Amino acid sequence: QLYRSTYHIRYGHRHLHTICQDDLRKLTKEMQDLGYAPGSVNRTVVILRGMLRRADDWGYCKIHSSLQKPPNLLPDHPRHERFLSREEAHRLQAVLQRRGATPVNLAILFLLYTGARRSEVLNAEWRCVDMDRRDWRIPISKNGRPRTVILSTKAVAILQSARGYQQRHYGDQAKQVSAVFANPQTLKPYCNIWETWTRVRAEADLPDLRLHDLRHSYASTLVNAGVSIYEVQKLLGHSNIATTQRYAHLASQRLHETVKLLDVGYGRE
């Protein structure tokens, strides 16, 4: 025989059944004032509302009648993809080099040279790195499946710097450190590198650059160099080619430059 326990679930000092649409509007305003992007605010509202409705479905509480209406979401205009130019990439790397080979600075460089996601890099472990094969295995990616990142010469050098940092600073503990870019204070992976990233991009005069834009830059650089969309899909670990198609226009631009060679080749101005 099964028994179900009764839980009093609260939102702060509130019972869930008292949370209404007006509370979600207040949450939206508070997050806006704190500088959260519309997409982040909307996701928070949708998730919270979904949790309340699920609690209602499971019989834990009766949700407020106002939550039967669709949520009031903020206008969220898709942001244009941000790619680093060659000069900007050089400027960013110069700042990181000047700041020194610390775990966070190396992690940012690794993002630039692997196109991996922030969480993948921050949680990277030495046991998943094969220096001989020059690859890095991510046990669980965003789509829930493992994937392997092929490492360039520069990416391997970054890993060697990370290993050297740990050997110099962690002493006998270095062999027990599993995280590639471990926090020197805890010897565990970083949860957040926002403060350092804010200073780095300010010093590089790139105030609008997001960490995720380094992934876009990785892809755009490859496409502009003539790498096919299908190869970029594999390198980024996209399960669906449609996700990689956002970079297709870059390939088109490159082809326009390529066909200009015909004018030169045929000798006509």
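Participant: Before we go on, may I ask you to explain the overall build of the chain in this structure?
Facilitator: Looking only at helices and strands, the chain features 11 helices and five strands. The C-alpha atoms of the chain give 24 Å as radius of gyration, which overshoots the globular expectation for 269 residues (18 Å, by more than 25%). Taken along the three principal axes of its C-alpha coordinates, the chain extends 75 × 60 × 45 Å. Going through the 269 residues of the chain one by one, you find that 39% of them count as buried. For the chain, contacts bridging at least 24 residues in sequence account for 56% of all contacts bridging at least 6.

Participant: Help me understand the pairing of strand S5 (residues 147-150), please; the structure alone is not making it clear to me.
Facilitator: Two faces belong to every sheet, and in a regular strand the side chains alternate between them. Going residue by residue along S5, you find Arg-147 and Val-149 tucked away on one face and Thr-148 and Ile-150 left uncovered on the opposite face. Looking at chain direction, strand S4 (residues 135-138) and S5 are connected through four bridges and run antiparallel. Opposite Trp-136, over in S5, you have Val-149 as the bridge partner.

Participant: Help me understand helix H4 (residues 103-114) in this model?
Facilitator: Residues that lie three or four places apart on an α-helix share one face, since the helix turns once every 3.6 residues. The end-to-end C-alpha distance of H4 is 16 Å, a good match for the 16 Å that 12 residues give at a rise of 1.5 Å each. The buried count for H4 comes to 11 of 12 residues, which makes it a mostly enclosed element. When H4 is considered as a whole, its buried residues turn out to be Pro-103, Val-104, Asn-105, Leu-106, Ala-107, Ile-108, Leu-109, Phe-110, Leu-111, Leu-112 and Thr-114. Just past H4, the residue Gly-115 takes up positive phi, approximately 70°.

Participant: Explanation requested: a nonpolar patch on the surface in the structure shown.
Facilitator: Taken together, the side chains of Val-259, Leu-262 and Tyr-266 make up a nonpolar region of the molecular surface, amounting to roughly 340 Å² of accessible area. If you trace the backbone, Leu-262 turns up in helix H11 (residues 248-265).

Conventions and cut-offs
- Residues numbered from 1 in each chain as written.
- Predicted model: local features only at pLDDT ≥ 70, side-chain atom pairs only at ≥ 80, totals over all residues.
- Heavy atoms only, no water.
- Helix = DSSP H or I, 4+ residues; strand = E, 2+ residues; numbered from the N terminus.
- Rg over C-alpha atoms; globule rule 2.2 N^0.38 Å.
- Buried < 20%, exposed > 50% of the residue type's maximum accessible area, 1.4 Å probe, protein only.
- Contact = heavy atoms within 4.5 Å.
- Pairing = 2+ DSSP bridges.
- Expected span 1.5 Å × (residues − 1).
- Patch = residues over 30% accessible without salt bridge, like charges linked within 9 Å, V, L, I, M, F, W, Y side chains within 5 Å.
- Areas by Shrake-Rupley, 256 points an atom, 1.4 Å probe, with all protein chains shown as cover.
- Salt bridge = Lys/Arg side-chain N within 4 Å of Asp/Glu carboxyl O.

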